[in-house]
Amino acid sequence: MLHNGPFTIAEGESLTGFHLRSGYIANHANLVDNIRHKDDVWQIAAYPHRLLPIPNYQLDLHHLLSKHTAFPLHKLCSKSTFKLEMLRFSMKIVNRTEVFAMLHKFSRWSELKFCPDCFKAQIQQYGYNWLLRDWNLPLVECCSVHKKILISYQCLCKKISSVSLLSNLFSGLCNKCYCDVWLSNEPKRASRKQSQIEKWVRELASMPAFYLTNAAQRRLLEVVFTRVNVSARSERLRVEAVANTYFHHLKSYKDSKVNLEIRRWTECCYPLSPEIILQILMKVYKKPIEFMEFLRSTGQEGYIDNYLLAKKKDLCETYNFFDSLDFKINQPRFNGDGRYLKLIL
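Residues numbered from 1 in each chain as written. Predicted model: local features only at pLDDT ≥ 70, side-chain atom pairs only at ≥ 80, totals over all residues. Heavy atoms only, no water.

Lay out the environment of Ala216 with the relevant residues and their values.
Summarising the element assignment, Ala216 is placed in helix H9 (residues 214-227). Sequence separation of Ala216 and Phe294 is 78 residues, and the distance between their C-alpha atoms is 9.6 Å. (Helix = DSSP H or I, 4+ residues; strand = E, 2+ residues; numbered from the N terminus.)

Go over the environment of Glu186, please, and point to the residues and values.
Relative to the helices and strands, Glu186 resides in the loop between helix H7 (162-171) and helix H8 (192-206). Distance from Glu186 to Pro116, taken between C-alpha atoms, is 8.8 Å for residues 70 residues apart in sequence.

Pulling in residues and values, what's your account of the nonpolar core?
With 69 residues, the main nonpolar core has Trp135, Ile280 and Tyr285 as its most contacted residues. Top contributing element to this core by residue count: helix H12 (residues 274-284), with 7 residues. Setting aside its immediate chain neighbours within four residues, Tyr285 contacts Trp200, Leu220, Val223, Glu290, Phe291 and Phe294. (Core = buried A, V, L, I, M, F, W, Y, C linked by side-chain atoms within 4.5 Å. Buried < 20%, exposed > 50% of the residue type's maximum accessible area, 1.4 Å probe, protein only. Contact = heavy atoms within 4.5 Å.)

I'd like a rundown of the sheet that holds strand E3 (residues 109-111), residues and numbers included.
Judged by pairing direction, the sheet is antiparallel, and its 3 strands sit side by side in the order E1-E2-E3 without closing on themselves. Strands with a single pairing partner mark the edges of an open sheet, and in this sheet they are strand E1 (35-38) and E3. Within this sheet the neighbouring strands show an average axis-to-axis angle of 40°, counted without direction. When E1 meets strand E2 (residues 41-45), the two strands line up antiparallel, connected through 4 bridges. Bridge pairing links Arg36 to Gln43 in E2. (Pairing = 2+ DSSP bridges. Axes fitted to C-alpha atoms, helices over the stretch in contact; angles between N-to-C directions.)

Describe in detail H8, supporting the description with residues and values.
Residues lying three or four places apart along an α-helix face the same way, a consequence of the helix completing one turn every 3.6 residues. Here H8 contains 15 residues, and its C-alpha end-to-end distance of 21 Å stays within 8% of the 21 Å for a straight helix at 1.5 Å per residue. In the core, the buried residues of H8 are packed alongside helix H2 (61-68), helix H3 (71-74), H12 and helix H13 (288-298). (Expected span 1.5 Å × (residues − 1).)

Explain the environment of Phe225 to me, and be specific about the residues and the numbers.
If you trace the backbone, Phe225 turns up in helix H9. With 41 residues separating them along the chain, Phe225 and Thr266 place their C-alpha atoms 9.9 Å apart.

Outline helix H11 (residues 256-266), listing residues and values.
For H11, the complete set of buried residues consists of Val258, Asn259, Glu261, Ile262, Trp265 and Thr266. For H11, the arc enclosing every buried residue in end-on projection is 160°, short of the 170-degree limit, so these residues lie on one face. Away from its buried face, by an angle of more than 90 degrees, H11 presents the exposed residues Ser256 and Lys257. Phi for Cys268, located one or two positions after H11, is positive at around 55°. (Arc of directions from axis to C-beta.)

The structure is reproduced here in structure tokens:
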């Protein structure tokens, strides 16, 4: 991707981060919807609340969601009816701002993290810096380039506004106490395990986006239960066996939150926590490509015309829901612009 200046989204840049960066440069006041200070840390939204008038994307909606947000990972953990509802909604509107407003409503918040070495390299090459999408992916704790732990914003000034935070973050210098916010928390070298997790999650997020049916989710659960050798019919015992197998390295693996998320997954209750699901997938499959091969073996991979799907009245995932649609096995010519939906039936 060409870098055409600070008002064009950069390669690999977080879409929300782009809104923060361009909004700060343009002196927009509506930054509070995309960034917040909670539990003594600064957090960034997974999806921007609305599009700003100045940014020039030069990209279609499909590419923005797939390459500049964590949507490819969130889709694995979202409700299928919500996916179809959002798809129909996006087919009817002209202004895609409404799509992001809808996504933001169900948005997840994560701690604002960055790599100072990447910031310096970006400024040296392009004259400005930006937040990468991969830094806010679930479970990612280190930079893929410099193999260092991502750091959070820290400064002696406790109470600052969102605008002041962005000014300090992108410049590297606090405008009040004049401390170096990039070096105040010197990043440590990432461990081998942290680097492996980062690589696994990043590779999965970089793969072509696809949707999972409930049937594929249930087949995946069968594999998980087989790996933990669960023969008990009790739901409680099955959940405890999964937690003990995949989360025993955590001090809080018996925590109610972990058990609740596993139980929700076994009951196909969505949305689910990406952190929980991804940790299990990484234990079962050494590489994301193995996970993709398993999914392809569970059903037929194909493409459906979004415009025909948008006309469907019944959004419930029934046995014959897709029967009246033109299911193409080969990749259509216009797949890249979002015209066709890739899924596994």
